[in-house]
Amino acid sequence: MAEKIDISIVVPFYNEEESLPELVTWIDRVATREKLSYEVIFVDDGSTDRSWEVAEALAEKYPAVRGISFRRNYGKSAALYCGFEAAEGEVVFTMDADLQDSPDEIPEMRRMILEEGCDLVSGWKKKRYDPIGKRWPSKFFNGTARLASGIKLHDFNCGLKAYRKKVVKSIEVYGEMHRFIPILAKKAGFKRIGEKVVEHRARKYGESKFGIERMVKGYLDLISVMFMSHFGRSPMYLFGSLGTLMFLAGGATTVWVIAAKLWKQAQGLPLRAVTDQPLFYLAILAVILGVQLFLAGFLGEMINRNSTDRNKYLIDKTL
(Lines give C-alpha, C1' and ligand atoms only; values in the text may rest on other atoms or scores of the structure.)
Protein backbone atom coordinates (compact mmCIF):
# COMPACT_ATOMS: atom_id res chain seq x y z
CA MET A 1 0.00 0.00 0.00
CA ALA A 2 1.38 3.39 -1.01
CA GLU A 3 2.37 5.76 1.77
CA LYS A 4 -0.20 8.44 2.53
CA ILE A 5 0.78 11.92 1.37
CA ASP A 6 -0.36 14.74 3.62
CA ILE A 7 0.07 17.63 1.20
CA SER A 8 0.65 18.15 -2.51
CA ILE A 9 2.04 21.47 -3.70
CA VAL A 10 1.40 22.21 -7.38
CA VAL A 11 3.84 24.80 -8.68
CA PRO A 12 3.42 25.98 -12.28
CA PHE A 13 6.37 27.91 -13.65
CA TYR A 14 7.64 29.63 -16.76
CA ASN A 15 11.29 30.69 -16.84
CA GLU A 16 11.91 30.66 -13.08
CA GLU A 17 15.25 28.83 -12.90
CA GLU A 18 16.69 31.08 -10.17
CA SER A 19 13.85 30.68 -7.69
CA LEU A 20 13.12 26.93 -7.87
CA PRO A 21 15.94 25.66 -5.59
CA GLU A 22 15.14 28.22 -2.89
CA LEU A 23 11.43 27.41 -3.09
CA VAL A 24 11.94 23.65 -2.70
CA THR A 25 14.34 24.15 0.22
CA TRP A 26 11.77 26.36 1.92
CA ILE A 27 8.92 23.89 1.37
CA ASP A 28 11.04 21.00 2.63
CA ARG A 29 11.96 22.96 5.74
CA VAL A 30 8.31 23.71 6.55
CA ALA A 31 7.16 20.14 5.89
CA THR A 32 9.97 18.68 8.02
CA ARG A 33 9.19 21.04 10.87
CA GLU A 34 5.49 20.14 10.77
CA LYS A 35 6.21 16.40 10.25
CA LEU A 36 4.19 16.33 7.02
CA SER A 37 4.72 13.94 4.15
CA TYR A 38 4.61 15.95 0.95
CA GLU A 39 5.09 16.08 -2.78
CA VAL A 40 6.01 19.04 -4.95
CA ILE A 41 4.61 18.83 -8.47
CA PHE A 42 6.42 21.21 -10.78
CA VAL A 43 4.66 21.98 -14.07
CA ASP A 44 6.97 23.56 -16.63
CA ASP A 45 4.77 25.62 -18.93
CA GLY A 46 7.13 25.55 -21.89
CA SER A 47 10.06 27.40 -20.31
CA THR A 48 12.82 28.59 -22.63
CA ASP A 49 15.53 28.85 -19.95
CA ARG A 50 17.09 26.09 -17.80
CA SER A 51 14.08 25.73 -15.50
CA TRP A 52 13.42 22.10 -16.43
CA GLU A 53 17.06 21.11 -15.93
CA VAL A 54 16.91 22.72 -12.50
CA ALA A 55 13.73 20.78 -11.72
CA GLU A 56 15.39 17.53 -12.78
CA ALA A 57 18.33 18.22 -10.47
CA LEU A 58 15.97 18.98 -7.60
CA ALA A 59 14.09 15.72 -8.21
CA GLU A 60 17.36 13.82 -7.76
CA LYS A 61 18.09 15.62 -4.51
CA TYR A 62 14.54 15.60 -3.10
CA PRO A 63 12.54 12.38 -3.67
CA ALA A 64 9.31 14.31 -3.02
CA VAL A 65 9.79 16.43 -6.15
CA ARG A 66 7.93 15.41 -9.28
CA GLY A 67 7.58 17.23 -12.55
CA ILE A 68 5.60 17.66 -15.75
CA SER A 69 6.98 19.52 -18.75
CA PHE A 70 4.85 20.90 -21.59
CA ARG A 71 6.22 20.92 -25.09
CA ARG A 72 5.06 24.53 -25.47
CA ASN A 73 3.46 27.28 -23.42
CA TYR A 74 -0.20 26.52 -22.69
CA GLY A 75 -0.85 28.90 -19.82
CA LYS A 76 -1.35 28.63 -16.08
CA SER A 77 -4.76 26.95 -16.26
CA ALA A 78 -3.40 24.05 -18.28
CA ALA A 79 -0.51 23.69 -15.85
CA LEU A 80 -2.85 23.60 -12.86
CA TYR A 81 -5.16 21.11 -14.55
CA CYS A 82 -2.33 18.64 -15.14
CA GLY A 83 -0.91 19.27 -11.67
CA PHE A 84 -4.30 18.56 -10.11
CA GLU A 85 -4.57 15.35 -12.09
CA ALA A 86 -1.23 14.16 -10.69
CA ALA A 87 -1.74 15.31 -7.08
CA GLU A 88 -2.20 12.59 -4.45
CA GLY A 89 -2.06 14.58 -1.21
CA GLU A 90 -4.91 14.82 1.26
CA VAL A 91 -4.72 18.62 0.94
CA VAL A 92 -3.57 20.19 -2.34
CA PHE A 93 -1.87 23.58 -2.49
CA THR A 94 -1.15 25.83 -5.43
CA MET A 95 1.74 28.24 -5.23
CA ASP A 96 3.58 30.49 -7.67
CA ALA A 97 7.23 29.75 -8.31
CA ASP A 98 8.49 33.32 -7.99
CA LEU A 99 8.86 33.24 -4.16
CA GLN A 100 6.15 35.86 -3.70
CA ASP A 101 4.03 33.20 -1.93
CA SER A 102 5.29 31.99 1.44
CA PRO A 103 5.31 28.23 2.23
CA ASP A 104 5.11 29.20 5.90
CA GLU A 105 1.37 29.70 5.31
CA ILE A 106 0.89 25.99 4.55
CA PRO A 107 0.29 24.64 8.10
CA GLU A 108 -2.45 27.11 8.99
CA MET A 109 -4.22 26.77 5.64
CA ARG A 110 -4.09 22.98 6.01
CA ARG A 111 -5.59 23.28 9.49
CA MET A 112 -8.46 25.34 8.08
CA ILE A 113 -9.19 22.57 5.60
CA LEU A 114 -8.97 19.67 8.06
CA GLU A 115 -10.28 21.24 11.27
CA GLU A 116 -12.58 24.05 10.18
CA GLY A 117 -14.13 22.02 7.38
CA CYS A 118 -13.28 24.36 4.51
CA ASP A 119 -13.31 22.88 1.02
CA LEU A 120 -11.05 25.63 -0.28
CA VAL A 121 -8.95 28.31 1.41
CA SER A 122 -7.84 31.25 -0.70
CA GLY A 123 -4.98 33.51 0.21
CA TRP A 124 -5.52 37.25 0.56
CA LYS A 125 -2.51 39.45 -0.14
CA LYS A 126 -3.77 42.24 2.07
CA LYS A 127 -0.46 44.09 1.88
CA ARG A 128 0.93 43.90 -1.63
CA TYR A 129 4.28 44.91 -3.04
CA ASP A 130 3.02 45.41 -6.58
CA PRO A 131 2.99 48.83 -8.27
CA ILE A 132 -0.19 50.89 -7.97
CA GLY A 133 -0.90 50.25 -11.66
CA LYS A 134 -1.57 46.63 -10.74
CA ARG A 135 -3.11 47.07 -7.29
CA TRP A 136 -6.05 49.34 -8.15
CA PRO A 137 -7.20 47.46 -11.27
CA SER A 138 -6.95 44.28 -9.18
CA LYS A 139 -9.20 45.77 -6.47
CA PHE A 140 -11.77 46.77 -9.06
CA PHE A 141 -11.63 43.36 -10.70
CA ASN A 142 -12.01 41.50 -7.40
CA GLY A 143 -14.96 43.69 -6.47
CA THR A 144 -16.68 42.84 -9.74
CA ALA A 145 -15.98 39.13 -9.25
CA ARG A 146 -17.44 39.24 -5.72
CA LEU A 147 -20.57 40.96 -6.98
CA ALA A 148 -21.03 38.55 -9.91
CA SER A 149 -20.34 35.33 -8.02
CA GLY A 150 -21.58 36.05 -4.50
CA ILE A 151 -18.32 34.66 -3.06
CA LYS A 152 -16.87 36.99 -0.42
CA LEU A 153 -13.18 36.80 -1.28
CA HIS A 154 -10.84 39.78 -1.43
CA ASP A 155 -8.30 38.25 -3.81
CA PHE A 156 -9.62 35.75 -6.36
CA ASN A 157 -6.36 35.69 -8.26
CA CYS A 158 -4.00 34.91 -5.36
CA GLY A 159 -1.78 32.00 -6.44
CA LEU A 160 -1.59 30.58 -2.92
CA LYS A 161 -4.63 28.39 -2.28
CA ALA A 162 -5.39 25.17 -0.42
CA TYR A 163 -7.97 22.60 -1.50
CA ARG A 164 -9.50 19.45 -0.19
CA LYS A 165 -8.35 16.73 -2.59
CA LYS A 166 -11.83 15.95 -3.89
CA VAL A 167 -12.21 19.59 -4.97
CA VAL A 168 -9.32 19.53 -7.44
CA LYS A 169 -10.47 16.17 -8.75
CA SER A 170 -13.97 17.52 -9.43
CA ILE A 171 -13.35 20.76 -11.33
CA GLU A 172 -12.13 21.50 -14.84
CA VAL A 173 -9.58 24.30 -15.16
CA TYR A 174 -9.06 25.30 -18.77
CA GLY A 175 -8.52 28.37 -20.94
CA GLU A 176 -7.73 31.20 -18.51
CA MET A 177 -10.07 30.06 -15.75
CA HIS A 178 -7.42 29.69 -13.04
CA ARG A 179 -8.46 33.13 -11.78
CA PHE A 180 -11.91 31.80 -11.01
CA ILE A 181 -11.27 28.45 -9.36
CA PRO A 182 -13.36 29.47 -6.30
CA ILE A 183 -16.31 30.11 -8.62
CA LEU A 184 -15.79 26.78 -10.38
CA ALA A 185 -15.58 25.04 -7.01
CA LYS A 186 -18.78 26.67 -5.79
CA LYS A 187 -20.63 25.65 -8.94
CA ALA A 188 -19.37 22.09 -8.42
CA GLY A 189 -21.03 22.05 -4.99
CA PHE A 190 -18.07 22.98 -2.75
CA LYS A 191 -19.47 26.00 -0.96
CA ARG A 192 -17.31 26.12 2.18
CA ILE A 193 -14.78 28.63 0.89
CA GLY A 194 -12.50 30.29 3.40
CA GLU A 195 -9.91 33.03 3.21
CA LYS A 196 -6.64 33.71 5.02
CA VAL A 197 -4.48 36.80 5.01
CA VAL A 198 -1.10 35.70 3.64
CA GLU A 199 2.29 37.28 3.33
CA HIS A 200 3.07 38.79 -0.05
CA ARG A 201 6.77 39.10 -0.77
CA ALA A 202 8.47 41.30 -3.32
CA ARG A 203 9.69 39.44 -6.40
CA LYS A 204 13.29 38.35 -5.84
CA TYR A 205 14.26 37.08 -9.29
CA GLY A 206 13.24 37.90 -12.84
CA GLU A 207 10.17 39.89 -13.75
CA SER A 208 6.41 39.40 -13.92
CA LYS A 209 5.11 37.38 -16.88
CA PHE A 210 1.79 39.26 -16.92
CA GLY A 211 1.11 42.63 -18.53
CA ILE A 212 -1.80 45.07 -18.58
CA GLU A 213 -3.71 42.76 -20.94
CA ARG A 214 -4.20 40.50 -17.93
CA MET A 215 -6.97 42.77 -16.62
CA VAL A 216 -8.80 42.83 -19.96
CA LYS A 217 -8.60 39.06 -20.19
CA GLY A 218 -9.74 38.82 -16.60
CA TYR A 219 -13.05 40.53 -17.30
CA LEU A 220 -13.64 38.53 -20.46
CA ASP A 221 -12.89 35.37 -18.50
CA LEU A 222 -15.29 36.43 -15.75
CA ILE A 223 -18.09 36.72 -18.29
CA SER A 224 -17.08 33.36 -19.73
CA VAL A 225 -16.98 31.56 -16.39
CA MET A 226 -20.35 32.94 -15.30
CA PHE A 227 -21.83 31.87 -18.64
CA MET A 228 -20.20 28.44 -18.44
CA SER A 229 -21.29 27.99 -14.86
CA HIS A 230 -24.93 28.54 -15.77
CA PHE A 231 -25.14 27.35 -19.37
CA GLY A 232 -21.88 25.53 -20.18
CA ARG A 233 -23.45 22.10 -20.02
CA SER A 234 -26.63 23.14 -21.81
CA PRO A 235 -26.13 26.17 -24.08
CA MET A 236 -29.58 25.46 -25.52
CA TYR A 237 -31.10 26.80 -22.29
CA LEU A 238 -29.82 30.29 -23.11
CA PHE A 239 -29.71 30.44 -26.90
CA GLY A 240 -32.79 28.28 -27.36
CA SER A 241 -34.85 30.37 -24.94
CA LEU A 242 -33.78 33.68 -26.48
CA GLY A 243 -34.26 32.31 -30.00
CA THR A 244 -37.74 31.00 -29.22
CA LEU A 245 -38.83 34.31 -27.66
CA MET A 246 -37.52 36.33 -30.60
CA PHE A 247 -39.09 33.95 -33.11
CA LEU A 248 -42.48 34.07 -31.39
CA ALA A 249 -42.37 37.86 -30.96
CA GLY A 250 -41.33 38.39 -34.57
CA GLY A 251 -43.85 35.89 -35.89
CA ALA A 252 -46.70 37.35 -33.86
CA THR A 253 -45.83 40.88 -35.02
CA THR A 254 -45.71 39.77 -38.66
CA VAL A 255 -49.11 38.12 -38.36
CA TRP A 256 -50.50 41.23 -36.66
CA VAL A 257 -49.20 43.56 -39.40
CA ILE A 258 -50.67 41.38 -42.15
CA ALA A 259 -53.95 40.83 -40.30
CA ALA A 260 -54.32 44.59 -39.68
CA LYS A 261 -53.83 45.28 -43.38
CA LEU A 262 -56.43 42.67 -44.38
CA TRP A 263 -58.94 44.02 -41.84
CA LYS A 264 -58.53 47.58 -43.07
CA GLN A 265 -58.84 46.38 -46.65
CA ALA A 266 -62.07 44.54 -45.81
CA GLN A 267 -63.46 47.67 -44.08
CA GLY A 268 -62.47 49.93 -46.95
CA LEU A 269 -60.19 51.98 -44.70
CA PRO A 270 -57.00 53.75 -45.83
CA LEU A 271 -54.02 51.41 -45.62
CA ARG A 272 -50.35 51.06 -46.44
CA ALA A 273 -48.68 48.14 -48.11
CA VAL A 274 -47.13 45.71 -45.65
CA THR A 275 -43.74 46.19 -47.30
CA ASP A 276 -43.95 49.94 -46.67
CA GLN A 277 -44.07 49.45 -42.91
CA PRO A 278 -40.73 49.40 -40.95
CA LEU A 279 -42.36 47.27 -38.26
CA PHE A 280 -42.77 44.45 -40.77
CA TYR A 281 -39.03 44.34 -41.47
CA LEU A 282 -38.20 44.48 -37.78
CA ALA A 283 -40.53 41.54 -37.23
CA ILE A 284 -38.89 39.55 -40.02
CA LEU A 285 -35.47 40.38 -38.57
CA ALA A 286 -36.60 39.10 -35.15
CA VAL A 287 -37.77 35.84 -36.75
CA ILE A 288 -34.44 35.35 -38.55
CA LEU A 289 -32.39 36.15 -35.44
CA GLY A 290 -34.58 33.83 -33.39
CA VAL A 291 -33.92 30.95 -35.77
CA GLN A 292 -30.18 31.69 -35.75
CA LEU A 293 -30.02 31.80 -31.94
CA PHE A 294 -31.93 28.54 -31.69
CA LEU A 295 -29.56 26.90 -34.18
CA ALA A 296 -26.56 28.30 -32.25
CA GLY A 297 -27.86 26.63 -29.09
CA PHE A 298 -28.47 23.38 -30.96
CA LEU A 299 -24.97 23.39 -32.44
CA GLY A 300 -23.51 24.26 -29.04
CA GLU A 301 -25.25 21.23 -27.55
CA MET A 302 -23.86 18.97 -30.29
CA ILE A 303 -20.31 20.29 -29.87
CA ASN A 304 -20.46 20.10 -26.08
CA ARG A 305 -21.72 16.52 -26.04
CA ASN A 306 -19.14 15.32 -28.56
CA SER A 307 -16.08 17.21 -27.27
CA THR A 308 -13.37 14.77 -26.15
CA ASP A 309 -10.17 16.79 -26.28
CA ARG A 310 -10.83 19.95 -24.24
CA ASN A 311 -8.05 19.14 -21.79
CA LYS A 312 -5.48 17.34 -23.92
CA TYR A 313 -2.03 18.89 -23.67
CA LEU A 314 1.25 17.79 -25.17
CA ILE A 315 3.24 16.65 -22.14
CA ASP A 316 6.83 16.24 -23.22
CA LYS A 317 8.52 14.78 -20.12
CA THR A 318 7.68 13.73 -16.58
CA LEU A 319 9.67 13.09 -13.42
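Relevant structure appears above.
Residues numbered from 1 in each chain as written. Predicted model: local features only at pLDDT ≥ 70, side-chain atom pairs only at ≥ 80, totals over all residues. Heavy atoms only, no water.

A. Geometry of the overall build of the protein. Within the protein one finds ten helices and eight strands. Going through the 319 residues of the protein one by one, you find that 47% of them count as buried. Pairs at least 24 apart in sequence give 81% of the contacts found in the protein among residues at least 6 apart. Summed over all atoms, the accessible surface of the protein reaches about 16,700 Å², with 59% contributed by carbon and sulfur. (Helix = DSSP H or I, 4+ residues; strand = E, 2+ residues; numbered from the N terminus. Buried < 20%, exposed > 50% of the residue type's maximum accessible area, 1.4 Å probe, protein only. Contact = heavy atoms within 4.5 Å. Areas by Shrake-Rupley, 256 points an atom, 1.4 Å probe, with all protein chains shown as cover.)

B. Spotlight on the nonpolar core. Judged by nonpolar contacts, the single largest core of 38 residues is most densely connected at Ile7, Ile9, Leu23, Tyr38, Val40, Phe42 and Phe93. Looking at which element gives the most residues to this core, the answer is helix 1 (residues 20-34), with seven residues. The residues contacting Val40, other than those within four sequence positions of it, are Ile9, Val11, Ile27, Ala64, Val65 and Arg66. (Core = buried A, V, L, I, M, F, W, Y, C linked by side-chain atoms within 4.5 Å.)

C. Summary view of empty space enclosed by the protein. All told, the structure shown has one cavity of 30 Å³ or more when counted by the stated rule. Considered as a void within the structure, the largest cavity measures approximately 60 Å³ in volume. Breaking the lining of the largest cavity down by element, the ones donating at least two residues are helix 3 (76-86) and strand 6 (161-164). Residues of the lining of the largest cavity, tallied by class, amount to four nonpolar, four polar and two charged. (1 Å grid on protein atoms, 1.4 Å probe; cavity = no way out; pocket = protein on both sides within 12 Å on 5 of 7 lines; lining within 4 Å. Points joined across faces, edges and corners; volume = space filled by probe spheres on them. Nonpolar A, V, L, I, M, F, W, Y, C, P; charged D, E, K, R; others polar.)

D. Highlighting the packing of aromatic side chains. In total, this model carries four aromatic pairs according to the counting rule given. Arranged with centres 5.6 Å apart and planes meeting at 80°, the rings of Phe13 and Phe42 form a pair that is edge-to-face. Here Phe13, found in strand 1 (residues 7-13), pairs with Phe42, found in strand 2 (residues 38-44); they are 29 residues apart in sequence, far enough to count as distant. Of the two residues, Phe13 and Phe42, both sit in the buried class. Measuring from centroid to centroid gives 5.5 Å for Phe84 and Tyr163, while their planes differ by 70°, and the two rings are edge-to-face. One end of the pair, Phe84, is in helix 3; the other, Tyr163, is in strand 6, with 79 residues separating them in the sequence. In this structure, Phe84 and Tyr163 share a single accessibility class: buried. (Phe/Tyr/Trp six-rings, centres within 6.5 Å; stacked < 30°, edge-to-face > 60°.)

E. How the structure looks around the packing of helix 1 against helix 2 (residues 51-61). At a minimum axis separation of 10 Å, helix 1 and helix 2 run at an interaxial angle of 30°. Relative to helix 2, the element helix 1 lies roughly parallel. Where helix 1 crosses over helix 2, the two elements pack in a sense that is right-handed. Here helix 1 contributes Leu20, Pro21 and Val24 to the contact with helix 2, which in turn contributes Ser51, Val54 and Leu58. Residues that form the contact of helix 1 with helix 2 fall into these classes: five nonpolar, one polar and no charged. (Axes fitted to C-alpha atoms, helices over the stretch in contact; angles between N-to-C directions. Parallel < 35°, antiparallel > 145°, perpendicular 65-115°, else oblique. Left-handed = near helix turned anticlockwise from the far one by under 90°.)

F. The arrangement of the environment of Lys261 in detail. The topology assignment puts Lys261 in helix 9 (residues 236-267). Judged by its relative accessible area of 24%, Lys261 falls in the partly exposed class. For the pair Lys261 and Ala273, spaced twelve residues apart in sequence, the C-alpha separation works out to 7.5 Å. Setting aside anything within four residues of it in sequence, one finds Lys261 in contact with Leu271, Arg272 and Val274.

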